Amino acid sequence: MTDLSVDVVVIGGGATGAGVARDVAMRGLSVVLVDRADLGQGTTGRYHGLLHSGGRYVISDPESARECAEENAIITRIHTDAVEQTGGLFVVTPEDSEEYSEGFMAGAAKAHMPAEEITIAQALSREPRLHKGTKRAFAVLDGTVDGWAMVWGAVESAKEHGATVLTYHEVDRIHRVGDRVTAVECVDRKAGGRITIDCRFVINAGGPWAGRIAGFAGCHDVDVVPGRGIMIAMNHRLVNSVVNRCIYPADGDILVPVHTVSIIGTTDVKADDPDNLPIPRNEVQQMLDSGAAMIDGFREARAVHAWSGARPLVKDNRVKATDTRHMSRGMSVLDHLERDDLHGLLTITGGKLTTYRLMAKRIVDIMCEQLGEDRPCTTDQEPVPTSRKTHNYKVTHRLEERDHQFQEDQIICECELMSRQMFTELAEENPDATLDDLRRRLRLGMGPCQGGFCSTRAAGLLCTNGIQDSAGATLELREFMKHRWMGLWPILAGAQVRQTALDEWIMRGTLDIDHAPGDENPPERYPVGVPADSEAVEVAR
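Residues numbered from 1 in each chain as written. Predicted model: local features only at pLDDT ≥ 70, side-chain atom pairs only at ≥ 80, totals over all residues. Heavy atoms only, no water.

Peer 1: Just checking my understanding: could you explain the overall build of the protein chain for this structure?
Peer 2: For the protein chain, the helix and strand inventory stands at 16 helices and 24 strands. Taken against the 2.2 N^0.38 rule, which gives 24 Å for 541 residues, the C-alpha radius of gyration of the protein chain at 23 Å falls within 12% of a compact globule. By its C-alpha atoms, the protein chain is 70 × 60 × 45 Å across when sized along the principal axes. For the protein chain, buried positions account for 57% of its 541 residues. Taking contacts inside the protein chain between residues at least 6 apart in sequence as the whole, the part at least 24 apart equals 72%. Put simply, the protein chain shows about 22100 Å² of open surface, and 51% of that area lies on carbon and sulfur atoms. (Helix = DSSP H or I, 4+ residues; strand = E, 2+ residues; numbered from the N terminus. Rg over C-alpha atoms; globule rule 2.2 N^0.38 Å. Buried < 20%, exposed > 50% of the residue type's maximum accessible area, 1.4 Å probe, protein only. Contact = heavy atoms within 4.5 Å. Areas by Shrake-Rupley, 256 points an atom, 1.4 Å probe, with all protein chains shown as cover.)

Okay, structure coming up:
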């Protein structure tokens, strides 16, 4: 039975998949984007938020540096609501040799990447908390990007051009007739049931899960290595521009100001399972040590949350299988016609968030060539709908909005200045969304209190607006707080211990959540890494 029929199915709702769906739709083909969870819930939503200038790669990978420099300018222009033009610094800290920095300006010139060496006095004027022992500093055009806002912008653009987007739809079969892909079959994880989508072509943008997805079509041994990296959010902006250590890429060498917090990252360790990523205490220690080398007083700042993500790295036979730090960050397209004699399937892996649009262009170019159709890419020419008539994001934009409405629109989340109207409008537009889904678009509970205050108000609004009954709203609240507490244990110290104790008292003491309506300890409704048709998920549904 066929439920939908389109030209192209894109599997994976991260930045790459969203970019591919937008590109395909803008070239006039019909397309469905499917993801087993919400948009940007995998690698895209679990990184440090850096929009690369290219400086990170000017010596180790000049081609990637050039691509980053070019795409930085395009992404800044077409995703104004998601990108903040912070600028960046590459600094030689007191702990670093100056040897690497000797080749920095020459590498930047070779990659056509804007860069300038500035004096230490100028660097300290820009970033007063920079380590006073800093030896050299180079100014670059790094920026920061909200990955979720970027993905939603690309998806809204794709939908405007006719695309269909199915979140919480997990692909578990790819149909083929002879040597040709003909359809994709998915499980609807929220409503239950199955859906079959007939198609001429499938693009696999599954990131660290791309190998498993290719296996559904009988294309085995697609070797994508998950490179696990941890990141830590500090409770406010320690810097206002991106600060990078001017050394060969290493652990904890980037500090990124994103929205109201600063994020330090990252490590790079081969992971066995991208759905189960630990946050080892020794790696937390590494991040804090490296932050202290760049910023005075870093260790005294308050860490509010830690998390891990998995990069989809392409296996490189030149380096050890466990050495993910030195595997290629470049994009890689697997042509399954050439590799497996299978028509209608391409896999794309690797790359960086900064180059997501370019990755999409390249793979859709190959698809059009295989289909024998001449359809030029125009994704660099049109801003996404959420970025029309707006300037680039600034950290103060919500403060300005609230300042105009402070007597009309109640603040629900003080940390992120999210208002009652913002929450209710999005919740009513998306009645099936979980509180976590809404968090990713509104930043609910992502400040220092980690949802201790605002989550109860949000759950109350679900009830008062008739979106959930009391048992349903309590279930949302329990699941939301369970997820928020996941990344706390490795970094609990000082003020954050007191905050966490207060949050627990609010939940268990004041609210008595253990005796609120509904199941006290419900099973996870949409667990990652668990097949959608498993018994556990059926019980939760």
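Peer 1: Can you walk me through the environment of Phe480 in this structure?
Peer 2: Mapped onto the fold, Phe480 is located in helix H14 (residues 470-485). A relative accessible area of 1% means that Phe480 is categorised as buried. Spatially, the C-alpha atoms of Phe480 and Asp436 are 6.0 Å apart, while their sequence positions differ by 44 residues. For Phe480, the residues in contact, after removing those within four places along its chain, are Leu435, Asp436, Arg439, Leu444, Gly445, Gly451 and Ser455.

Peer 1: Sorry, what's going on with helix H11 (residues 420-429) here?
Peer 2: In an α-helix, one turn spans 3.6 residues, which is why side chains three or four residues apart end up on the same side. Among all positions of H11, only Met422, Phe423, Thr424, Leu426 and Ala427 are buried. Of the surrounding elements, those touching the buried residues of H11 are helix H10 (397-405), strand S24 (418-419), helix H12 (435-442) and helix H13 (454-464).

Peer 1: Just to check I follow, could you spell out the pattern of salt bridges for this structure?
Peer 2: Two side chains that carry opposite charge are able to pair once their charged atoms sit near each other. Using the criterion set out here, one finds 42 salt bridges in the structure. The salt bridge involving Arg136 is made with Glu102; its shortest N-O contact spans 3.4 Å. Of the two residues, Arg136 sits in strand S8 (residues 136-140) while Glu102 sits in the loop between strand S6 (88-92) and helix H3 (104-110), which places them 34 residues apart along the sequence. Arg136 sits in the buried class, given a relative accessible area of 15%. For Glu185, the salt bridge identified is with Arg194, shortest N-O distance 2.9 Å. When its relative accessible area of 9% is taken as the criterion, Glu185 is described as buried. (Salt bridge = Lys/Arg side-chain N within 4 Å of Asp/Glu carboxyl O.)

Peer 1: Teacher, can you tell me more about helix H2 (residues 62-78) here?
Peer 2: The end-to-end C-alpha distance of H2 is 25 Å, a good match for the 24 Å that 17 residues give at a rise of 1.5 Å each. Where H2 is concerned, the buried positions are Ser64, Ala65, Glu67, Cys68, Ala69, Glu71, Asn72, Ile74, Ile75, Thr76 and Ile78. (Expected span 1.5 Å × (residues − 1).)

Peer 1: So what exactly am I meant to see when it comes to the packing of H11 against H13 here?
Peer 2: Working note: a packed helix pair is described by the angle between its axes plus the distance between those axes. With their axes 11 Å apart at the nearest point, H11 and H13 run at an angle of 50 degrees to one another. Comparing their axes, H13 and H11 come out oblique. For H11 against H13, the interelement crossing comes out right-handed. When H11 is examined against H13, the residues Arg420, Phe423, Thr424 and Ala427 are found in contact with a partner set consisting of Ala458, Leu461 and Leu462. (Axes fitted to C-alpha atoms, helices over the stretch in contact; angles between N-to-C directions. Parallel < 35°, antiparallel > 145°, perpendicular 65-115°, else oblique. Left-handed = near helix turned anticlockwise from the far one by under 90°.)

Peer 1: Sorry if this is basic, but what is going on with the nonpolar core here?
Peer 2: Nonpolar side chains in soluble globular proteins tend to be buried together. Ranked by size, the top nonpolar core spans 51 residues in total, and within it Val8 and Met367 carry the most contacts. In contact with Met367, other than residues within four places in its own chain, are Val8, Val24, Leu29, Phe201, Ile203 and Leu346. (Core = buried A, V, L, I, M, F, W, Y, C linked by side-chain atoms within 4.5 Å.)

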